[in-house]
Amino acid sequence: MAKQSEHVVLAYSGGLDTSVAIPWIKEHYGAKVTTLLVDVGQEGETRDAMERALLNGAYDARTVDAKASFAEEFLFPALKANALYQGIYPLSTALARPLIVSKLVSAAREVGADTVAHGCTGKGNDQVRFDVGVHTLAPDLNIIAPVREWNMNRPDEIEYARAHGLKIHVKPESPYSVDENLWGRSVEGGVLEDAAAAPPEEVFDWTGHPDTWPTDPQEVVIGFEEGIPVSLDGQRLPPVALIQKMNALAGKHGVGRIDHVEDRVVGIKSRETYECPAAIALIQAHMALEALVLPRELRSLKTQLEPKFSEVVYGGFWFSQVREAISAFLDSTQESVTGEVTLRLLQGGSRVVGRSSPYSLLAKELATYGRESTFPEGAAEGFIHLYGLANSLAYVRRRSGAGAPVGGGNSVAKTALSQPTTP
Ligand code: ARG
């Protein structure tokens, strides 16, 4: 049920949808509209976009540079989770939404607005993330979602913009819906909707044309401290600069192209394409370092929780007790995730070719096949007997029935069963 709105803060990108939303909200809700452009590392001129918002009737146009908090408070926690939704998608869009929500809510509080608005369609995940986020952080605020309400297609929107004399950024007509931030670029729609057809080269931007991918490999050394990337090839970089540089470097070699079918929150499957060079490269490197330093049982538990983290975040529950609890656990695992990983970038892929850490649990004197080995090989036989005992017993019992003789000559199961048990 639509409540009364007087002042709306609109999450604004400068694109067609949210430009048209300005006069549409004024017309349909009689409210004044303040636009908020949250910079999460997308391309595009924010100053131009703000000017256009004002020309198109915004009461006020604001922007906030959220790149650093995006990297530190959202992307690095996701990296600690090696977060890949359904094992594939690094959640680039999904991670930006809760941040945009929190900025939207803060702006609404600052200007005393009673309503927030977003440009999401009624078919995607983003509306869910926005609405759930606002309901959680600011249940008193109304939400308007013009694109979900107005029933206009793109030509209708262009016509509406013309009729209202709007200044819109006329880009060459693109059939694709694109979302960008530091962690990746997502492209949907147009011919991509045919899951059987290969994505045309034109959908890619950050990864260049395969003809331009260098034929020689390039190695990059990523330095981590407590699970967080801090340097590239020995050069210390702040989070945003590091991610941007990694995007450029890995993107140049075509790393991070993703083409898959994804299950959306709203119950549909859709074909999705992404370019996430830095995300893919950093997750790969982070996993390799964890493999070197985390004890086996901890890795096992952590890898069970990782998909849960991704599902929770994908599903719009960044601001939740379950996400915070998983993050607290993940943080506690990262103390020893310090060291360096060498990645080799080549022709659309990256491979880990080296890793080192002061906390390495790979003890050469134990693992080596050389003479210097200190591994107590003599203890192996007895260990294996006990290790396999319960399994051998169960296997034999199941095949031969209760009471059947157990095992062969040196079977521990046999020996163990024939020993009188001591009280
Ligand atoms: N499928 C992705 C997600 O739900 C990306 C959606 C991005 N939106 C877009 N307009 N391309 O997180």
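Residues numbered from 1 in each chain as written. Predicted model: local features only at pLDDT ≥ 70, side-chain atom pairs only at ≥ 80, totals over all residues. Heavy atoms only, no water.

**Let's talk about the sheet that holds strand β8 (residues 218-225)**
Rules: For two strands to be treated as a pair, DSSP must find at least two bridges joining them. Note on conventions: DSSP H or I runs of at least 4 residues are helices, E runs of at least 2 residues are strands, and numbering of each starts at the N terminus. Contacts are assigned to residue pairs that have any heavy atoms within 4.5 Å of one another. Working convention: axes come from line fits to C-alpha atoms, limited for helices to the stretch in contact. Angles between N-to-C directions cover 0 to 180 degrees.
Read from one edge of the open sheet, five strands run β10-β9-β8-β13-β14, paired in antiparallel fashion. Two strands close off the open sheet at either side, each with one partner strand: β10 (235-236) and β14 (349-356). The sheet contact formed by strand β9 (residues 228-232) and β10 spans two bridges and is antiparallel. Pairing of S231 across the sheet is with R236, part of β10. Relative to the sheet, helix α8 (residues 239-252) contacts β8, β9, β10 and β13 (339-346), its axis offset from that of β9 by approximately 65°.

**Focus on the packing of helix α3 (residues 67-80) against α8**
Each pair of packed helices can be described by the angle between their axes along with the distance between the axes. The following threshold applies: The scheme is simple: roughly parallel for angles under 35 degrees, roughly antiparallel for over 145, roughly perpendicular for 65 to 115, oblique for anything else. Each residue gets one label: Ala, Val, Leu, Ile, Met, Phe, Trp, Tyr, Cys and Pro are nonpolar, Asp, Glu, Lys and Arg are charged, and the others, such as Gly, are polar.
Interhelical geometry of α3 versus α8 gives an angle of 80° and a closest axis separation of 8 Å. The angle between α3 and α8 places the two elements in the roughly perpendicular class. For the pair α3 and α8, the contacting residues are K67, A68, A71, E72, L75 and F76 in the first and P239, V240, I243 and Q244 in the second. Residue composition of the contact of α3 with α8, grouped by class: seven nonpolar, one polar and two charged.

**Comments concerning the pairing of β9**
As a reminder, the rule being used: The buried label applies to any residue whose accessible area, calculated with a 1.4 Å probe on protein chains only, is under 20% of its type's maximum; exposed applies above 50%, and partly exposed to all values in between.
Taking burial as the measure, the five residues of β9 include four buried ones, the bulk of the element. Where β8 and β9 come together, four bridges link them in antiparallel fashion. In the sheet register, I222 faces β9, and the bridge partner there is L232. Two successive antiparallel strands, β8 and β9, enclose a turn made up of two residues, where E226 displays a positive phi of approximately 45°. Linking β9 to β10, which pair antiparallel, is a turn of two residues; within it D233 sits at a positive phi near 50°.

**Observations concerning the site of the ligand**
Formally: Throughout, near means a residue has at least one heavy atom within 4 Å of the molecule or strand. Pairs of N or O atoms are called polar contacts if they sit within 3.5 Å, as long as, within protein, a hydrogen donor faces a hydrogen acceptor (for residues adjacent in sequence, only side-chain-to-side-chain pairs).
Close to the ligand lie 14 residues; Y89, N125, S177, S186 and E262 are nearest. In this structure, an oxygen atom belonging to the ligand sits 2.6 Å away from a side-chain N or O atom of Y89. Between the ligand and Y274 there is a distance of 3.0 Å, counted from a nitrogen atom to a side-chain nitrogen or oxygen. Of all the secondary structure elements, the ones that give two or more residues to the shell around the ligand are α4 (92-111), α5 (126-137), β6 (177-181), β7 (184-188) and β12 (269-275). Within the shell around the ligand, the residues separate by chemical class into four nonpolar, four polar and six charged.

**Some words on the sheet that holds strand β4 (residues 115-117)**
In sheet architecture, strand pairing relies on hydrogen bonds along the backbone and comes in two forms, parallel and antiparallel. Reading across from one edge, β3-β2-β1-β4-β5 is the order of the five strands in this open sheet, with parallel pairing throughout. Here the strands that pair on one side only, and so sit at the sheet edges, are β3 (60-65) and β5 (142-144). Adjacent strand axes in the sheet meet at a mean angle of 25°, parallel and antiparallel pairs treated alike. In this sheet, strand β2 (residues 32-39) lies alongside strand β1 (residues 7-11) in parallel orientation, the contact comprising five bridges. Bridging across to β2, L10 finds its partner in T35. Sheet strands touched by helix α1 (residues 16-29): β1, β2, β4 and β5. Its angle to β1, the strand with the most contacts, is close to 160°.

**Structural notes on the side chain of S231**
Mapped onto the elements, S231 comes out in strand β9. Ignoring any residue separated from it by four or fewer positions in sequence, one finds S231 in contact with V221, I222, G223, R236, L237 and L242.

**Some thoughts on α4**
Heads up, the rule is: Helices are assigned an expected span. That span is 1.5 Å times one less than the residue count.
Taking 1.5 Å of rise per residue, 20 residues should cover 28 Å, and α4 covers 29 Å from first to last C-alpha, within 8% of that figure. When you tally the buried positions in α4, you get 14 out of 20 residues, the bulk of the element. Among the residues trailing α4, G112 stands out with phi positive, at a value near 70°.

**Brief notes about the packing of aromatic side chains**
Short version of the rule: Centre distance within 6.5 Å is the pairing criterion for rings of Phe, Tyr and Trp, where only the six-membered ring of Trp is used; planes under 30 degrees apart are then read as stacked, over 60 as edge-to-face, and the remainder as tilted. Look at NZ for Lys and CZ for Arg. If either is within 6 Å of the ring centre and within 35 degrees of the ring normal, a charge sits over the ring.
For the structure on display, the rule yields nine aromatic pairs. The structure contains a cluster of three or more aromatic residues connected by ring pairs, namely F70, F74, F309 and W318. For the cation-ring pair, R129 lies above Y314, with the distance from its terminal atom to the ring centre recorded as 4.9 Å. One cation-aromatic arrangement involves R323 over W318; the distance from NZ or CZ to the ring centre is 3.8 Å.

Limitation: the analysis is restricted to geometry and does not speak to function.
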